[in-house]
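# Descriptive structure summary
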2 protein chains.
Amino acid sequence: MKTVLIGSGNVAYHLAKAFHQNHIEVSQIFGRNENDLKAISDELNIPFSTIGLTDADLYIICVNDDSIAEVSKMITKENCLVAHTSGSLTKEILDGNYRKASFYPLQTFSKSKELNYAEIPFFIEAENKNDVETLKKIAFKISKNVMESDYEKRKYIHLTAVFACNFVNHLFARAKEISDSQNIPFNYFLPLIDETVSKIHEVEPKLAQTGPAVRNDGRILKIHESLISDEEHLKIYQTMNESIKKMYEL
Amino acid sequence: MKTVLIGSGNVAYHLAKAFHQNHIEVSQIFGRNENDLKAISDELNIPFSTIGLTDADLYIICVNDDSIAEVSKMITKENCLVAHTSGSLTKEILDGNYRKASFYPLQTFSKSKELNYAEIPFFIEAENKNDVETLKKIAFKISKNVMESDYEKRKYIHLTAVFACNFVNHLFARAKEISDSQNIPFNYFLPLIDETVSKIHEVEPKLAQTGPAVRNDGRILKIHESLISDEEHLKIYQTMNESIKKMYEL
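Figured I'd write up the structure that's included with this text.

Here is what the cut-offs are and how they apply
- Residues numbered from 1 in each chain as written.
- Chains lettered and ligands numbered in written order.
- Predicted model: local features only at pLDDT ≥ 70, side-chain atom pairs only at ≥ 80, totals over all residues.
- Heavy atoms only, no water.
- Pairing = 2+ DSSP bridges.
- Helix = DSSP H or I, 4+ residues; strand = E, 2+ residues; numbered from the N terminus.
- Salt bridge = Lys/Arg side-chain N within 4 Å of Asp/Glu carboxyl O.
- Buried < 20%, exposed > 50% of the residue type's maximum accessible area, 1.4 Å probe, protein only.
- Contact = heavy atoms within 4.5 Å.
- Buried area = accessible area lost by both parts, 1.4 Å probe.
- Axes fitted to C-alpha atoms, helices over the stretch in contact; angles between N-to-C directions.
- Expected span 1.5 Å × (residues − 1).
- Least-squares fit on C-alpha atoms with pLDDT ≥ 70 in both.

For the rest of this paragraph, the subject is the sheet that holds strand β1 (residues 3-6) of chain A. Residues and elements named next belong to chain A. Pairing is mixed across the open sheet formed by eight strands, whose spatial order is β3-β2-β1-β4-β5-β6-β7-β8. Lying at the two open borders of the sheet, with one neighbouring strand each, are β3 (48-49) and β8 (146-148). With two bridges connecting them, strand β2 (residues 28-30) and β3 associate as parallel partners. When the sheet's bridge partners are listed, phenylalanine 30 is paired in β3 with serine 49.

A word on the pattern of salt bridges. If the charged atoms of two oppositely charged side chains come close together, the side chains can form a pair. Residue and element names in this part refer to chain A. Going through the model one piece at a time under the given rule, you end up with 38 salt bridges over all chains. Two residues, glutamate 125 and arginine 154, come together in a salt bridge whose shortest N-O distance is 2.8 Å. Here the residue glutamate 125 occupies a position in strand β7 (residues 122-126), and arginine 154 occupies one in helix α5 (residues 151-181), the gap between them amounting to 29 residues. A residue is classified by how much of its surface remains accessible, and arginine 154, at 0% relative accessible area, is buried.

Buried accessible area, meaning the area lost when the parts come together, often serves as the stated size of an interface. Counting from both sides, the interface comprises 88 residues of chain A and, opposite them, 88 residues of chain B. Buried surface at the junction of chain A and chain B, summed over both partners, amounts to about 9,000 Å²; 70% is from carbon and sulfur atoms. Our count for the chain A to chain B interface comes out at six salt bridges. A salt bridge links Lys176(A) to Glu204(B), with the nearest nitrogen and oxygen atoms 3.3 Å apart.

All names here are of chain B. Strand order in the open sheet formed by eight strands is β3-β2-β1-β4-β5-β6-β7-β8, with mixed pairing between adjacent strands. Unpaired on one side and paired on the other, β3 (48-49) and β8 (146-148) mark the two borders of the sheet. Sheet topology places strand β6 (residues 99-105) next to strand β7 (residues 122-126); five bridges connect them, and they run antiparallel. Paired with proline 105 across the strands is phenylalanine 122, a residue of β7. Docked against the sheet, helix α1 (residues 10-21) engages β1 (3-6), β2 (28-30), β4 (58-61), β6 and β7, running at close to 155 degrees with respect to β1.

Turning our eyes to something else, we now look at helix α1 (residues 10-21) of chain A. Residue and element names in this part refer to chain A. With 12 residues, α1 extends 16 Å from end C-alpha to end C-alpha; this agrees with the ideal 16 Å at 1.5 Å per step. When we look at burial in α1, the residues that qualify are Ala12, Tyr13, His14, Leu15, Ala16, Lys17, Ala18 and Phe19. Downstream of α1 by a residue or two, histidine 23 has a phi angle that is positive, lying close to 60 degrees.

Looking now at the relation of the copies chain A and chain B. Two copies of a chain can be linked by a rotation about an axis combined with a shift along that same axis. When chain A is fitted onto chain B, the two copies agree to an RMSD of 0.1 Å after a turn of 180 degrees and an axial shift of 0.0 Å. Seen this way, the second copy is the image of the first under a two-fold rotation axis. Every residue of chain A has its C-alpha some distance from the rotation axis, and the shortest such distance is that of Val168(A), at 2.8 Å.

As structure tokens, this is what we get:
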């Protein structure tokens, strides 16, 4: 089976590396940015091109959501499988007469950060069972967590990730505004943050909840509200506390 | 200098261990629960008692907020220093004719989890400079992060911790409700969560923000709102997205 990766960004780099580490041959890595492609090619010993897509059975498109449709048109071959790696797009965004699929790794990728690929969940969708099995087999060579997932399910995966990651990061950003206002270095909170996350590897988050709201400690909640001067902080503070109280029926 | 620790719970255990590891002598560990005390005593080779407080220069009270005042009355000696370890109480809660202080380690403690004490920030408050210096010296033997902090500042530290930890954990709990509703194992999100936290060790959270709100991707925000059936989820979704948009002036 001949496989081509398309793209030269963070996802392309890490997928290429994951394939390489797990002895899945990649025939070519194809993209626009010659410098980035050459760096990947040199590190992982994969041929690259910026001009001609080589013939393959499987093309995996690892480019920005906005460019997937455009890039997918370059594949004119019909008897092949084409997958994109986006969490929020249907496989039908792919624009060609080939078989269409989604090959979605749930992770946030930065070139400079090493990742343990075995832990990255892959969500697979394709038009027929054979293609699902093919993509699953590849994903299972990389990771122990592989699931079939249609677009309906993928939307909820993305929504979950927004709560568990995008919103969590925003809480860190808002928390830092508070500690900055008191000249307390935000890195003082990192051990506590690390431990908060470390705990949910062992305990379900609902059972790990601590803090004034879950203790229904109205005295502290009032003190905190009186300390908050920023309107957005106050909205977050009240929304989150109300939600905690609802969850524990307080 | 003779030091006594009072308490047999998570904080007492970890402080005793941190003292032991850093060769700070503890003359006695005192509390109500003989089994717990004996376990700490056996592990760390510290004498314990449930009956009589031994004479000391420094008593550190590591019991629940609700019990601190009561326990502090047991110390009848006057020429000594007494500190509690609570983040949310004034040192004046201590009820006796001794010098009063706060010795606050910013961390969430569980007996079963090993901690790197050198990373735990300690916040110190006392009535006079000498006592501040004494407590700082002890804290610096354990940790590299030690700060003086009066009650005003300590309130903001606690508020920051509520945003960065209590609320973060609640987002995990709410996120799990969404993934559970689709039969997606929540542990599939742990690598993404780990990476989200790992990033803010290197990048300031405001600069690490990703997701549909900061991209101002109204299409995805609408799709997500249509997926959410729970009222609390929707309130959180909207409050957090509005806050993100305000932060980046979108």
